[in-house]
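Chain residues, written in single-letter form:
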Amino acid sequence: MGNKKGSGIITLIIFLLIIILIGAGVTLYIYKNRHIPVPEGFIGNTTGNLNNHALFCESDGYVYFSNPYDSKKLYRMKPDGTEAEVVCNVPCEYINVYGDRVYFYQSPSADDQVFGLGGLYGVCSTNLTGTAGTTNHDKAIVNSLVLYGDNLYYQHYDAKEGLTLYKATTDDTGKEKISDKEIFVACPYNGVFLTYNTENSYYLSFYNPTNDSIGLFDDIRAYNIIHEGNYLYYMNIDDSYRIYRYDLSTKQQEKLTDYTVDLFNVYGDSVFFQKSSESEPALMRMGINGDNPQVIAEGNYKNINCTSTYTYFYGFSDKDPILKVPTSYGNTSVSYFDPVLKK
């Protein structure tokens, strides 16, 4: 009799332990997958990086990056290049980060084709270490992507419609086309996007996503607009794509370079740019006022991405090594990007 009673107590204890473990597991799952709203006006990367495919993104002591040495998979590392580790085993670009989530465009790859049905690609997100799996917000070919507030805005490509503007919620509750216009979304500003498109001959414009309207911001034809501090930096189409800046307070513009530029980025006190020249092309840096231009590396480069410690730039061939230079103005010591894997 006593043995039966004892075994019944043991069975009850085991049952309760199972219930507790299940409850703990459910709680942990909910905690890991809970949605943390993104504050209004928050931008998931710098506008300069977003203009350069956002291959690097710094957040809370880590740099998230598309690793060129491992099929462009999503990695993270410390700002000095140490403790590099895989976050997600898929090729990525347009990396944005907020809180405990990384948002990115998973680009198509021959490595993830499934029985000829096409690989996985599109607007995706995962947690900071990739342990929660990947959420696909929209399986689409994407030309640009930005996390702005609690929405993901991106240029969606369709063979029939071309490039249109979509938005998807960060909690994966929905997506929708919001415009048939070809709007580049790298530069959010005060609830709108500072942009240009072919409809207005590339004049500096603002696009309002709430009512799908576009209006003239100023009588300037601008390309690759970057917001930094109280200024807009841009390539002036009417002055052979030289870099200018526009004071948002005084509405005055100022020329910063005397030569044509192919692309550029702005971070802190530095402007990095590719000097366009048939005889003397070079990756260069100058102060944010256009002062003290310095040659960083001779040759042609692309995809200039800045972090607080280093600025990274790519050769035009996929076989070229990725180079880096300290972001702070003055140090021109160039080295190879060689992330050290976490042990």
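Calculation notes
- Residues numbered from 1 in each chain as written.
- Predicted model: local features only at pLDDT ≥ 70, side-chain atom pairs only at ≥ 80, totals over all residues.
- Heavy atoms only, no water.
- Helix = DSSP H or I, 4+ residues; strand = E, 2+ residues; numbered from the N terminus.
- Buried < 20%, exposed > 50% of the residue type's maximum accessible area, 1.4 Å probe, protein only.
- Polar contact = N/O pair within 3.5 Å; in protein donor to acceptor, adjacent residues only side chain to side chain.
- Contact = heavy atoms within 4.5 Å.
- Pairing = 2+ DSSP bridges.
- Axes fitted to C-alpha atoms, helices over the stretch in contact; angles between N-to-C directions.
- Patch = residues over 30% accessible without salt bridge, like charges linked within 9 Å, V, L, I, M, F, W, Y side chains within 5 Å.
- Areas by Shrake-Rupley, 256 points an atom, 1.4 Å probe, with all protein chains shown as cover.
- Salt bridge = Lys/Arg side-chain N within 4 Å of Asp/Glu carboxyl O.
- Core = buried A, V, L, I, M, F, W, Y, C linked by side-chain atoms within 4.5 Å.
- Lys, Arg positive; Asp, Glu negative; His and termini not counted.

1. With respect to the side chain of Thr311
Then, number 1: Looking at the secondary structure, you find Thr311 in strand E24 (residues 310-315).
Then, number 2: With relative accessibility at 0%, the residue Thr311 sits in the buried group.
Then, number 3: Polar contacts involving the side chain of Thr311 include one to the side chain of Thr327, which spans 2.9 Å.
Then, number 4: Residues contacting Thr311, with those up to four places away along its chain left out, are Phe272, Ile304, Asn305, Cys306, Leu323, Lys324, Val325 and Thr327.

2. Let's talk about the sheet that holds strand E21 (residues 282-287)
Then, number 1: The antiparallel open sheet is built from four strands, whose spatial order is E19-E20-E21-E22. The outermost strands of the open sheet, each flanked by one partner alone, are strand E19 (261-267) and strand E22 (294-298). Shown here is a sheet whose adjacent strand axes are inclined to one another by a mean of 20°, direction ignored.
Then, number 2: Here E21 pairs with E22 via four bridges, running antiparallel. The residue of E22 that forms the bridge with Leu283 is Ala297.

3. Concerning a nonpolar patch on the surface
Then, number 1: A cluster of nonpolar side chains, Ile9, Ile13, Leu17 and Ile20, forms an exposed patch at the surface whose accessible area comes to about 370 Å².
Then, number 2: Among the structural elements, Ile20 can be located in helix H1 (residues 2-32).
Then, number 3: The class for Ile20 is exposed, based on a relative accessible area of 54%.

4. Here's the deal with the nonpolar core
Then, number 1: Counting 39 residues, the largest nonpolar core has Leu145 and Ile225 as the members making the most contacts within it.
Then, number 2: Sort the elements by how many residues they give to this core and strand E8 (residues 141-148) lands first, with five residues.

5. Looking at the pairing of E21
Then, number 1: The buried count for E21 comes to six of six residues, which makes it a mostly enclosed element.
Then, number 2: As paired strands, strand E20 (residues 270-275) and E21 are joined by six bridges and run antiparallel to one another. Residue pairing in the sheet places Phe273 in a bridge with Met284 of E21.
Then, number 3: Here E20 folds back onto E21, and the loop between the two strands holds six residues.

6. Looking at the side chain of Lys275
Then, number 1: Mapped onto the elements, Lys275 comes out in strand E20.
Then, number 2: Despite being buried, Lys275 has no salt bridge partner; Glu280 is the closest side chain of opposite charge, sitting 4.1 Å away.
Then, number 3: Discounting chain neighbours no more than four positions away, the residues touching Lys275 are Tyr259, Thr260, Asp262, Glu280, Pro281, Ala282 and Met284.

7. Looking at the pattern of salt bridges
Then, number 1: Inspection of the entire model under this criterion finds eleven salt bridges.
Then, number 2: Among the salt bridges present, the one from Lys177 reaches Asp180, with a minimum N-O distance of 2.9 Å.
Then, number 3: For Lys177, a relative accessible area of 32% puts it in the partly exposed group.
Then, number 4: Of the charged contacts, one joins Arg242 and Asp239 as a salt bridge, the two residues approaching to 3.1 Å between their closest N and O atoms.
Then, number 5: The exposure class assigned to Arg242 is buried, which follows from its relative accessible area of 19%.
Then, number 6: Through salt bridges that share partners, Arg76, Glu85 and Lys342 make up one connected network.

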